[in-house]
Amino acid sequence: MAGKATVIEVGDHDVRVSNPDRIYFPELGATKLDLVEYYLAVSDGIVRALRERPCMLHRFPDGLAGEKVHQKRVPNGAPPWLETVRVTFPRYHRHADELCVTKPADVIWAVQMSTVEFHPWNSRRADTEKPDEWRIDLDPMPDCPFDTIRRVAPVVRSVLDELGIVGYPKTSGGKGLHIYVRIQPSWGFSDVRRAALAFAREVERRAPDDVTTTWWRKDRDPKALFIDYNQNARDHTIASAYSVRGVPAATVSTPITWDEIPGVDPQAFTIRTVPARFAELGDLHATIDDTHHSLDTLLEWADRDERAGLETPAEQ
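Residues numbered from 1 in each chain as written. Predicted model: local features only at pLDDT ≥ 70, side-chain atom pairs only at ≥ 80, totals over all residues. Heavy atoms only, no water.

Visitor: Could you give an account of the overall build of the chain, naming the residues involved and the relevant values?
Guide: Counting its secondary structure elements, the chain contains seven helices and 14 strands. A compact globule built from 316 residues would reach a C-alpha radius of gyration of about 20 Å, and the chain, at 20 Å, matches this within 12%. Across its three principal axes, the chain shows a C-alpha extent of roughly 65 × 45 × 35 Å. Sorting the 316 residues of the chain into buried and exposed places 55% on the buried side. Sequence-distant contacts in the chain: of pairs separated by 6 or more residues, those separated by 24 or more amount to 70%. When the accessible area of the chain is evaluated, it comes to approximately 13900 Å², of which 48% is carbon and sulfur surface. Considering the chain, the positive charge centre built from 40 side chains and the negative charge centre built from 49 side chains are found 4 Å apart. (Helix = DSSP H or I, 4+ residues; strand = E, 2+ residues; numbered from the N terminus. Rg over C-alpha atoms; globule rule 2.2 N^0.38 Å. Buried < 20%, exposed > 50% of the residue type's maximum accessible area, 1.4 Å probe, protein only. Contact = heavy atoms within 4.5 Å. Areas by Shrake-Rupley, 256 points an atom, 1.4 Å probe, with all protein chains shown as cover. Lys, Arg positive; Asp, Glu negative; His and termini not counted. Charge placed at Lys NZ, Arg CZ, Asp CG, Glu CD.)

Structure (structure tokens):
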């Protein structure tokens, strides 16, 4: 039995949560209501991570045991206070009115709609074609241990420091690590991706035994750490800070400090543990919007690499 509906008061709005006792995460025995309570506990952080960004929802209407639905469009019947932002998909000559989070009630409405994961764009509704977020995705290949990430993260930080750029790390909720940088919304997706590739190549030069930027997966060393610059391409999304992941352990993509990386266990961050951490530490990404950095130097590096014959692979 999933149980009767309950009504959750979230700020100025009431959100009806149906089937609150439905088990979503069997490994923890965690329910839909547990998921709601998690997102309420970290509401300041998740709203900051999603604020005014087009957001794709990863929904599990029957819990993790059922089918996952990738939902871009807000369905008919959404409450009138829910905000959306229209994005276009030129390749398909289509558009979608996606969720645009501005308040905690928007997040809880999405959870009521069986959303587990939140995947925002790296641009905001003021200009969806000009990203204000550069994402450094340290993506381990199948045989790459987390210790490799521990070795490479200081190299990433060193290059950022030399550029005068502040990066904000978080676990991916899986096996990887993400570092987010706020940038001036002055460039389109292609230039942000070129800058991300130039940065990745510089890290690869400094850690050649650990890092790869090889484009085709089949050509990569299965023990290498891939810096996935393509996550900055248009319409590519990854789980936001504080997003739960759709895995049995209910892990969370969790902001951490650089100093935590040597000893961090990403699997320790779950919907059971992150609320207490958040209550103690607050949002470690709280200052991420304080400074928006320039990509000028990285784009100069990209020009240099291209003159040297290093190609920029087409976006996928």
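There's more to say after this.
Visitor: Please provide a residue-by-residue account of the side chain of R59, values included.
Guide: Tracing the backbone shows R59 in strand β5 (residues 54–59). With no salt bridge to any partner, buried R59 finds its closest opposite charge in D62, at an N-O distance of 8.9 Å. A distance of 2.8 Å separates the side chain of R59 from the side chain of Q71, its partner in a polar contact. Within the structure, R59 has its side chain in polar contact with the backbone oxygen of M113 (distance 2.5 Å). (Salt bridge = Lys/Arg side-chain N within 4 Å of Asp/Glu carboxyl O. Polar contact = N/O pair within 3.5 Å; in protein donor to acceptor, adjacent residues only side chain to side chain.)

Visitor: So what's going on with the pairing of strand β7 (residues 84–89)? Which residues, and what values?
Guide: Burial along β7 is one-sided: the face carrying V85, V87 and F89 is buried and the face carrying T84, R86 and T88 is not. Sheet topology note: the β7/strand β8 (residues 94–100) ladder contains six bridges and is antiparallel. From the neighbouring strand, V85 faces β8, where its bridge partner is E98. What sits between the antiparallel neighbours β7 and β8 is a turn of four residues, in which H93 has the positive phi angle 55°. (Pairing = 2+ DSSP bridges.)

Visitor: I'd love a proper account of the side chain of D210, names of residues and values included.
Guide: As for its position among the elements, D210 is in the loop between α5 (189–206) and β13 (211–212). Given a relative accessible area of 15%, D210 falls into the buried group. Once you skip the residues sitting within four places of it in the chain, D210 turns out to touch T148, R151, V152, A224 and L225.

Visitor: Give me unusual backbone geometry: which residues, what numbers.
Guide: Unlike most non-glycine residues, D235 shows phi in positive territory, near 70°. With respect to the helices, strands and loops of the structure, D235 is situated in the loop between β14 (225–227) and α6 (274–281).

Visitor: Tell me about the pattern of salt bridges, residues and numbers included.
Guide: Scanning the model with the defined rule gives 29 salt bridges in all. Where E306 meets R194, a salt bridge forms, and the shortest distance between an N and an O atom there is 2.9 Å. You can see E306 sitting in helix α7 (residues 296–307) and its partner R194 sitting in helix α5, a full 112 residues away along the chain. Owing to a relative accessible area of 18%, R194 belongs among the buried residues under this scheme.

Visitor: Can you lay out helix α1 (residues 32–41) for me, pointing to particular residues and giving the numbers?
Guide: Of the positions making up α1, those classed as buried are K32, D34, L35, V36, Y38 and Y39. Capping the start of α1 is the job of one residue whose side-chain oxygen sits 3.3 Å from the backbone nitrogen of L33: T31.

Visitor: Explain the packing of α1 against helix α3 (residues 104–112) residue by residue, including any values.
Guide: Helix packing geometry: the angle between the two helix axes and the distance between the axes. At their nearest, the axes of α1 and α3 sit 10 Å apart, and the two run at 165° to each other. Taken together, the axis directions place α1 and α3 in an arrangement best described as roughly antiparallel. Between α1 and α3 the crossing geometry is right-handed. For the pair formed by α1 and α3, the contact residues are K32, L35, V36, Y39 and L40 on the first element and V107, I108, V111 and Q112 on the second. Residues that form the contact of α1 with α3 fall into these classes: seven nonpolar, one polar and one charged. (Axes fitted to C-alpha atoms, helices over the stretch in contact; angles between N-to-C directions. Parallel < 35°, antiparallel > 145°, perpendicular 65-115°, else oblique. Left-handed = near helix turned anticlockwise from the far one by under 90°. Nonpolar A, V, L, I, M, F, W, Y, C, P; charged D, E, K, R; others polar.)

Visitor: Could you give an account of the environment of A65, naming the residues involved and the relevant values?
Guide: The topology assignment puts A65 in the loop between β5 and β6 (69–71). Residue class for A65 comes out exposed when judged on its relative accessible area of 82%. Considered as a pair, A65 and Y24 are 41 residues apart in the sequence and their alpha carbons are 8.0 Å apart.

Visitor: Account for the sheet that holds strand β12 (residues 177–182), naming residues and giving values.
Guide: The five strands lie next to each other as β11-β12-β10-β14-β13, forming an open sheet whose pairing is mixed. Each end of this open sheet is capped by a strand with a single partner; those strands are β11 (168–171) and β13. Sheet topology places strand β10 (residues 133–140) next to β14; three bridges connect them, and they run antiparallel. Within the sheet, the bridge partner assigned to P140 lies in β14 and is L225. Of the strands in this sheet, β10, β12, β13 and β14 are in contact with helix α4 (residues 146–163), which crosses β10 at around 155°.

Visitor: Any details on the nonpolar core? Residues and values, ideally.
Guide: Judged by nonpolar contacts, the single largest core of 84 residues is most densely connected at Y39 and W134. Not counting residues up to four positions away in its chain, the partners in contact with W134 are L160, I165, I179, Y180, V181, I183, A196, F199, N232, L295 and L298. Listed in part, the five residues of the second largest apolar core include V87, F89, W121 and F189. (Core = buried A, V, L, I, M, F, W, Y, C linked by side-chain atoms within 4.5 Å.)

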